[in-house]
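# Secondary and tertiary structure notes
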Amino acid sequence: MKSIYFDHAATTPPRPEVVAAMLPYYHESWGSPSSFHSSGQTAREGMERAREQVAALLGSLPEEIVFTGSGTEADNQALVGISLANQKKGDHIITATIEHHAVLHTAKFLESHGLKLTYLPVDATGLVDPDDVRKAITERTILVSIMHANNEIGTIQPIGEIGAICRERDVLFHTDAVQTVGHVPVNVRELNTDLLSLSAHKLYGPKGVGALFVRKGVRIAPLIHGGGHERGRRSSTENVPGIVGLGEAARLAAQDMEWEMRHSAKLRDSLIEGLLARVPNSLLAGHPTQRLPNNTSVCVRYIEGESMLLNLDFEGIAVSSGSACTSGSLEASHVLLAIGLPHDAAHGSLRISVGRGNTPAEVDHFLNVFPPIVEKLREMSPISAGQSADDWPGADHPHHPPEH
Ligand SMILES: *Cc1c(COP(=O)(O)O)cnc(C)c1O
């Protein structure tokens, strides 16, 4: 069997239509959108069409879309930009422990510059309690930032409800929707958001381009200063081909969303069911129903995620363990620890994220190949010896050696 790509939460292959839409902006209309001459103006038209396409996908106005260099930049722009613009109003930000590092590390950065941060906990399925948001808001709160869906465990938050609470208390609300835009319906008005981040390469677009929705009337300071592009919100000559690619990806996503949701959910459900049935001592991480249609996240006890990845890669199957940022280091994923998993279970995490191109045959192949890998690794693993399954999946493990 040819190689299988099951890592769409990390990045997605650019669709051929996306690449085709981008090429004219390299070969022909490569002028600067700020230039008066016609080459520049054609580039500007392409860029503005893309803005309309992204706005159409989100249910926003085109002028509420600010193009950025990535999803990470959009998150930084939201948190830092709102903090700078609201220095007189307050200094408190509320976020959650399971956020992507693009939000969490920006929050830490702001904390080191004197802002007060509240990191809300999540329950065992990864959900933030909207009531916790309500209770955490103070007179000094300027922003709440809660991600739409988690990139590791796929849990989808009650964003509309949280947004309504923020609006009622007159606090700005940002959501990192990088994992949901293009994959499930995302409407900025229905979700009651003031700011929303997305990234092109997570929805079959090019890498190195993202966008931040900023609701009309919201004051935000720029991160990048210069010639005043993007209505003064993000200076620098625009990445026109990338932006055009994002626009085309957004258009295609809207067109194909219903099909893709059904297609992915079917594969996901076979994966979850098959894995839990065929791999003893495994459990599903994240919410059983409120989860991304493409996300399967399991923890396989007594083995390291990294060894599973290596063995699967040897079979030509690309998956991920925790998030791409934490694999490669021995630190357990902050998300899996936040939902209360013990360290040893968090280390055995496996994320399988399917996409448009995957087939039921690929899922069947994976379900045949994977259980023997687990068996082999467990035979080799020193931590499996003498362990019983009866304490699974509890948080304390009397017969497990203490951490470090
Ligand atoms: C991928 C991702 C990001 C970062 O987006 P980039 O465009 O890769 O910088 C931020 N948040 C979430 C939830 C993501 O999955």
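Residues numbered from 1 in each chain as written. Predicted model: local features only at pLDDT ≥ 70, side-chain atom pairs only at ≥ 80, totals over all residues. Heavy atoms only, no water.

Right, let's talk about the site of the ligand for a bit. Near the ligand lie 13 residues; those nearest to it are T72, D176, Q179, S199 and K202. In this structure, an oxygen atom belonging to the ligand sits 2.8 Å away from a side-chain N or O atom of H201. Taking K202, its side chain carries an N or O atom lying 2.7 Å from an oxygen atom of the ligand. Protein contact buries 89% of the 380 Å² of open area that the ligand shows by itself. Sorting elements by how many residues they give to the shell around the ligand places helix 4 (residues 71-85) first, with 3 residues. Per-class residue counts for the shell around the ligand are 2 nonpolar, 8 polar and 3 charged. (Near = heavy atom within 4 Å. Polar contact = N/O pair within 3.5 Å; in protein donor to acceptor, adjacent residues only side chain to side chain. Areas by Shrake-Rupley, 256 points an atom, 1.4 Å probe, with all protein chains shown as cover. Helix = DSSP H or I, 4+ residues; strand = E, 2+ residues; numbered from the N terminus. Nonpolar A, V, L, I, M, F, W, Y, C, P; charged D, E, K, R; others polar.)

Glancing now at a nonpolar patch on the surface. Together, V19, L23 and Y26 make up a nonpolar patch on the protein surface, roughly 270 Å² of accessible area in all. Its location among the elements puts L23 in the loop between helix 1 (16-22) and helix 2 (24-27). (Patch = residues over 30% accessible without salt bridge, like charges linked within 9 Å, V, L, I, M, F, W, Y side chains within 5 Å. Salt bridge = Lys/Arg side-chain N within 4 Å of Asp/Glu carboxyl O.)

Next up on the list: the side chain of R351. Relative to the elements of secondary structure, R351 occurs in strand 12 (residues 349-353). A residue is classified by how much of its surface remains accessible, and R351, at 3% relative accessible area, is buried. Of note is the side chain of R351, whose polar atom sits 2.8 Å from the backbone oxygen of N151. (Buried < 20%, exposed > 50% of the residue type's maximum accessible area, 1.4 Å probe, protein only.)

With respect to burial, strand 12 is a largely interior element, 5 of its 5 residues being buried. Where strand 10 (residues 295-300) and strand 12 come together, 5 bridges link them in antiparallel fashion. Along strand 12, the bridge assignment pairs S297 with R351. (Pairing = 2+ DSSP bridges.)

Bringing the sheet that holds strand 2 (residues 65-68) into the picture now. Pairing is mixed in the open sheet, where 7 strands are placed in the order 2-8-7-6-5-3-4. Sheet topology places strand 2 and strand 4 (116-120) at the edges, where each strand pairs with a single neighbour. Sheet twist, expressed as the mean angle between neighbouring strand axes with direction ignored, is 20 degrees. Pairing geometry for strand 6 (residues 172-176) and strand 7 (residues 195-199), over 3 bridges, is parallel. Looking at the pairing, T175 lines up with L196 of strand 7. (Axes fitted to C-alpha atoms, helices over the stretch in contact; angles between N-to-C directions.)

Moving on to the confidence of the model for the chain. Of the residues in the chain, 92% reach a pLDDT of 70 or more, and the chain-wide mean stands at 93. For the stretch residues 323-327, pLDDT sits under 50, and the model shows 9 contacts to residues farther than four places along the chain or on other chains. (pLDDT = per-residue confidence, 0-100. Contact = heavy atoms within 4.5 Å.)

Take the domain arrangement of the chain next. Split into domains, the chain comes out as domain 1 (4-9 + 257-390) and domain 2 (16-253). If you average the C-alpha positions of domain 1 and of domain 2, the two centres end up 29 Å apart. Contacts between domain 1 and domain 2 engage 28 residues on the former and 29 residues on the latter. Together, the buried faces of domain 1 and domain 2 total about 2,400 Å²; carbon and sulfur atoms form 58% of this surface. Here domain 1 is connected to domain 2 by 0 salt bridges. For the pair domain 1 and domain 2, the interface holds 15 residue pairs in polar contact (both at pLDDT 80 or more). Mapped onto the side of domain 1 that touches domain 2, the elements with two or more residues apiece are helix 9 (240-278), strand 10 and helix 11 (334-338). Element by element, the count of residues in the side of domain 1 that touches domain 2 is highest for helix 11, at 4 residues. Grouping the amino acids of the side of domain 1 that touches domain 2 by side-chain chemistry returns 12 nonpolar, 12 polar and 4 charged. (Domains from an automatic or database assignment. Buried area = accessible area lost by both parts, 1.4 Å probe.)

With that settled, consider the pattern of salt bridges. For the coordinates displayed, the defined rule picks out 21 salt bridges. Close ionic contact of R251 with E248 constitutes a salt bridge, the shortest N to O distance being 3.0 Å. Taken together, the residues R251 and E248, both in helix 9 and 3 residues apart, mark about one turn of the helix. Judged by its relative accessible area of 12%, E248 is buried. As a salt-bridge pair, D269 and R268 come within 3.0 Å of each other at their nearest N and O atoms. Overall, D269 belongs to the partly exposed group, its relative accessible area being 38%. With a relative accessible area of 11%, R268 lands in the buried category. When salt bridges that share partners are traced, they join R15, E17, D256, E260 and R356 into one network.

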